[in-house]
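Breakdown of the fold
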Amino acid sequence: MKYLDEYRNETIARRIVDELGRRTTRPWVLMEICGGQTHTLMRYGIDEILPRGIELVHGPGCPVCVTSLETIDKAIQIASRSDVTLISYGDMLRVPGSHSDLLHVKAQGGDVRIVYSPTEALKFARANPDRKVVFFAVGFETTAPANAMVVWQAKREGLTNFSTLASHVLVPPAMRALLAAPRNRVQGFIGPGHVCTVMGYREYERLIAEFRVPIVVGGFEPLDLLEAILMLVTQLEEGRAVIENQYVRSVTYNGNLLAQKVMAEVFEVCDRKWRGIGGIPDSGLRLRPEYSEFDADRIFGTEGVTADEPAECISAEVLQGLKKPTDCSAFGTRCTPENPLGAPMVSSEGACAAYHQYRRLAIAGRANH
Amino acid sequence: MNLPKSVARNMCLAIPGKIVSSEMHSGIRVGRVQFGGIERDTCLDFVPEASIGDYVIVHVGFAISCVDREEAERSYEALEAMGLLKGELESEFENS
């Protein structure tokens, strides 16, 4: 049992790093797409134990970070209505909109609630027929099937007081946009393990054919990520560019077909604006016309809301792997998780928040020794 | 309906848990899934192959894949061996 022994053995991480050192002959820039992976890398200091020359840059895979400013403004406008209960995932409440955030709406008497699962929003709607219940549905392909499922259920049950402000984003188009950018530095990707659990990894073959960039679908534990990095560096050193799957315990080539089916039933692909990055063609999911009765944007007349993103911080460069959070002059001073200037400082999956939580302690720890 | 902040916060995160029971609710198969010592209601409609005793990977209350028992335990044992499991569960389910 190769993996069993490796995972039991505390020295495996060091062995992988040693092996990486032997295989690395020149510098490589690798990007992890998913914010959950960024969090693990920072938490365990993996970027700091890699051989010199292997640089990790952090991708845009933090749903809270990339939800557009105008979408946040729409949510704030809807949540401010006295007849509405707006329900979302925790961190969305603290993301700065143009003038306010959902937490302020809540403090001023707005009915804004946090859930762990969209099914709780549906339950609340069933139990409170006098409230207009709006689920603020953000997230990548991992989250979209769950959000699709509750809309599908609401339609089947004929619920008339439930709707969703849906702003889903898709990973492969964002990777294409990063790779096509003139300033791109990324030479290999750690693919998002839970996105691929749902979608499989077929779609990524097209990116490889187009850009000749290796992609290794990775998991979320420290050894998953170290192994994925080793697989990527091995490909790069050998001049190969293929898709490989490190996260075999969850990811299959075709993904979860039932989850994909409900997504396709409820949502359709659309162009999407990403906070800090801008518009990316075919990079979002919106409700299909057959589900327009559940479209909060239409119901509450917020379709025309637009917002200009202020040059508040360097999050655009951070989300594209061009800069590190610590390159920002506001990092840890004028911008903190308690008072975020930009969205990546809000979510624990945001690169800035991950650096703030773990890297500052590490720096302080070193200073004390 | 509110869960601890840290549970709601990690949207990308999906973690393995063990199905301890399952029943139909409004046409949906809902299971109680155990994560360490904590249980959560979880929709099992995307993993019809999963049955009681199986491990599933759960994201925002939905099981998105069924994992091999050996694979799931392998992860836990590996984390435990590295002294990481306790911290991992605390960060996900603190105060619950």
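Keep in mind that this is a model prediction, so the values were computed, not measured.

Reading the values: rules and limits
Residues numbered from 1 in each chain as written. Chains lettered and ligands numbered in written order. Predicted model: local features only at pLDDT ≥ 70, side-chain atom pairs only at ≥ 80, totals over all residues. Helix = DSSP H or I, 4+ residues; strand = E, 2+ residues; numbered from the N terminus. Buried ≥ 20, exposed ≤ 12 C-beta atoms within 10 Å, placed from the backbone. Contact = placed C-beta atoms within 7 Å. Core = buried A, V, L, I, M, F, W, Y, C linked by C-beta atoms within 7 Å. pLDDT = per-residue confidence, 0-100. Pairing = 2+ DSSP bridges. Right-handed = clockwise from strand over helix to strand, strands pointing away. Axes fitted to C-alpha atoms, helices over the stretch in contact; angles between N-to-C directions. Parallel < 35°, antiparallel > 145°, perpendicular 65-115°, else oblique. Nonpolar A, V, L, I, M, F, W, Y, C, P; charged D, E, K, R; others polar. Arc of directions from axis to C-beta.

Side note on the overall build of chain B
Helix and strand counts for chain B come out as three helices and five strands. The N-to-C order of helical and strand elements in chain B reads α-β-β-β-β-β-α-α. Here chain B, with 96 residues, has 40% of them falling under the buried criterion. Put simply, of all contacts in chain B between residues at least 6 apart along the chain, 36% involve residues at least 24 apart.

Observations regarding the nonpolar core
By size, the foremost hydrophobic cluster in this structure holds 137 residues, and its most contacted members are V134 and F136 of chain A together with V56 and A63 of chain B. Looking at which element gives the most residues to this core, the answer is helix 13 (residues 222–238) of chain A, with nine residues. In this view, V134 of chain A contacts I78, V84, L86, I87, S163, T164, L165 and A296 of chain A; residues no more than four positions away in its chain are not counted.

Re the environment of W28 of chain A
Residue and element names in this part refer to chain A. Looking at where W28 falls in the secondary structure, it is placed in strand 1 (residues 28–34). In the structure, W28 is positioned 27 residues away from E55 in sequence and 6.2 Å away in space, judged by C-alpha atoms. With residues up to four places along the chain from it excluded, the contact list for W28 reads G53, I54, Q187, G188, V233 and L236.

Points about the confidence of the model for chain B
Residue and element names in this part refer to chain B. Predicted confidence across chain B gives a mean pLDDT of 72, with 57% of residues reaching 70 or more. Strand 5 (residues 62–67) holds the highest mean pLDDT among the elements of chain B, 93, whereas helix 3 (residues 85–93) holds the lowest, 37. When the criterion is pLDDT under 50, residues 1–9 qualifies, and its contacts beyond four places in sequence or with other chains add up to 28 contacts. Counted against residues more than four places away or in other chains, residues 82–96, with its pLDDT under 50, gives 22 contacts. Interface confidence for the predicted complex, expressed as ipTM, amounts to 0.88; the pTM equals 0.87.

Here's the deal with the pairing of strand 4 (residues 111–114) of chain A
Taken residue by residue, a regular strand's side chains alternate between the two faces of the sheet. All names here are of chain A. Alternating residues of strand 4 divide into V112 and I114, all buried, and D111 and R113, none buried. Of the strand pairs in this sheet, strand 3 (residues 84–88) and strand 4 are connected by four bridges, and their pairing is parallel. Each residue of the ladder has a partner; that of L86, found in strand 4, is V112. Taken together, strand 3, helix 7 (residues 102–107) and strand 4 form a β-α-β motif whose crossover is right-handed.

So, the sheet that holds strand 11 (residues 278–287) of chain A
Residue and element names in this part refer to chain A. A sheet is described by the order of its strands in space; here six strands give the open sequence 4-3-5-6-11-10, paired in mixed fashion. Of all strands in the sheet, those bounded by a partner on one side alone are strand 4 and strand 10 (267–274). Averaged over all adjacent pairs, the angle separating strand axes in this sheet is 25°, with direction ignored. Inspection of the sheet shows strand 5 (residues 132–139) paired to strand 6 (residues 162–169) by seven bridges, in the parallel sense. Paired with V134 across the bridge in strand 6 is S163. The sheet strands contacting helix 6 (residues 69–79) are strand 3, strand 4, strand 5 and strand 6, and the helix crosses strand 3 at an angle near 140°. Strands strand 10 and strand 11 of the sheet are contacted by helix 10 (residues 171–180), whose axis makes an angle of about 175° with strand 11.

Concerning the packing of helix 10 of chain A against helix 12 (residues 202–211) of chain A
Residue and element names in this part refer to chain A. Axis separation between helix 10 and helix 12 bottoms out at 10 Å; the angle between their running directions is 10°. Between helix 10 and helix 12, the angle is such that the two are roughly parallel. Across the interface between the two elements, P172, M175, R176 and L179 from helix 10 touch E203, Y204, L207 and F211 from helix 12. Here the contact of helix 10 with helix 12 is composed, by residue class, of six nonpolar, no polar and two charged.

A look at helix 14 (residues 257–266) of chain A
Of the residues making up helix 14 of chain A, those classed as buried are A259, V262, M263 and V266 of chain A. Burial along helix 14 of chain A is one-sided: seen end-on, the buried residues are contained in an arc of 105°. In this fold, the buried residues of helix 14 of chain A make contact with helix 9 (144–157), helix 11 (193–199), strand 10 and strand 11 of chain A together with strand 5 of chain B.

Focus on the sheet that holds strand 8 (residues 215–218) of chain A
Residue and element names in this part refer to chain A. An order of 2-1-7-8-9 is seen for the five strands of this open sheet, with the pairing classed as parallel. At either end of the open sheet lies a strand with only one pairing partner, and these are strand 2 (54–61) and strand 9 (243–245). Neighbour-to-neighbour, the strand axes of the sheet open up by a mean angle of 25°, direction not taken into account. Across three bridges, the pairing between strand 1 and strand 7 (residues 188–192) is parallel. The residue bridging M31 from the neighbouring strand is F189, located in strand 7.

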